[in-house]
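# Summary of the model geometry
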Amino acid sequence: MTTKKLLFIACMVITAVTAKAQKFAIIDMDYILKNIPAYERANEQLNQVSKKWQAEVEALNTEASTMYKNYQNEVVFLSQEQKKTRQEAIMAKEKEASELKRKYFGPEGELFKKRQSLMTPIQEEIYNAVKDISELRGYSLVEDRSSTGIIYASPKVDISNEVLEKLGYAN
């Protein structure tokens, strides 16, 4: 055999041994979250506050729309100065609605901050439980079945119920 072939075979054997030595597990984050009451309460709280804020934004948009309709109905009777004043008021109301929407629902908005404050502690608790179980069992890798596109995984490697038990939510 040539040196290249021996080197290739040695690399394959080392890779096979290394791969076999690593242990892994699967969790189903959706399943875990559905079984944590605090997560459901947090989601409900987020939905309620989101609806409230959306209603505030819609009220401003409706007000701007009403102002515009009134303006359209009265435009023929208004002086240039009155037209300008009304147009500015309508644009100011539309801007106010847009700014409020950005404040509540923008990338760094209130909803984002509220979601972080409610969800981060739950996620950290799950992460710590997974980490503790992994260190105890010697897992090198734990993947989330619900987000990685795993088509099949043996139930033997799914530690979702163990994570829930560790968190105090026996199933």
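Data block above holds the structure.
Remember, it's a predicted structure, so these values are computed and weren't measured experimentally.

In this structure, Ile32, Ile36, Ile122, Ile126, Ile159 and Val163 are the most contacted members of the largest nonpolar core, which totals 28 residues. For this core, the elements supplying multiple residues, two or more each, are strand 1 (23-27), helix 2 (29-34), helix 3 (37-74), helix 4 (80-105), helix 5 (110-137) and helix 7 (160-167). Beyond its immediate chain neighbours, meaning those up to four positions away, Ile159 contacts Ala25, Ile26, Ile27, Ile133, Tyr139 and Val142.

What follows deals with helix 3. In an α-helix, one turn spans 3.6 residues; hence positions three or four apart end up facing the same way. Between the first and last C-alpha of helix 3 there are 55 Å, a value that for 38 residues agrees with the 56 Å anticipated at 1.5 Å per step. The complete set of buried residues in helix 3 reads Tyr39, Ala42, Leu46, Val49, Trp53, Val57, Leu60, Ala64 and Tyr71. As for helix 3, its buried residues are in contact with helix 2, helix 4 and helix 5.

This brings us to the side chain of Ser160. Note on placement: Ser160 falls in helix 7. Judged by relative accessible area, Ser160 falls into the buried class, the value being 2%. Reaching out from Ser160, the side chain makes a polar contact with the side chain of Asp158 at a distance of 2.6 Å.

Once that is clear, we can look at the pattern of salt bridges. Side chains that carry opposite charge are capable of pairing whenever their charged atoms lie near each other. What the rule picks out here adds up to 9 salt bridges. Its salt-bridge partner being Glu96, residue Lys93 comes within 3.4 Å of it at the nearest N-O pair. Taken together, the residues span about one helical turn, with Lys93 and Glu96 both in helix 4 at a distance of 3 residues. Here Glu96 falls in the partly exposed class, since its relative accessible area comes to 37%. Between Lys166 and Asp132 there is a salt bridge; the shortest N-O distance is 3.8 Å. Linking Lys166 in helix 7 with Asp132 in helix 5, this pair joins segments that are 34 residues apart in sequence. Given the relative accessible area of 47%, Lys166 is considered partly exposed.

Reading guide: rules and limits
Residues numbered from 1 in each chain as written. Predicted model: local features only at pLDDT ≥ 70, side-chain atom pairs only at ≥ 80, totals over all residues. Heavy atoms only, no water. Core = buried A, V, L, I, M, F, W, Y, C linked by side-chain atoms within 4.5 Å. Buried < 20%, exposed > 50% of the residue type's maximum accessible area, 1.4 Å probe, protein only. Helix = DSSP H or I, 4+ residues; strand = E, 2+ residues; numbered from the N terminus. Contact = heavy atoms within 4.5 Å. Expected span 1.5 Å × (residues − 1). Polar contact = N/O pair within 3.5 Å; in protein donor to acceptor, adjacent residues only side chain to side chain. Salt bridge = Lys/Arg side-chain N within 4 Å of Asp/Glu carboxyl O.

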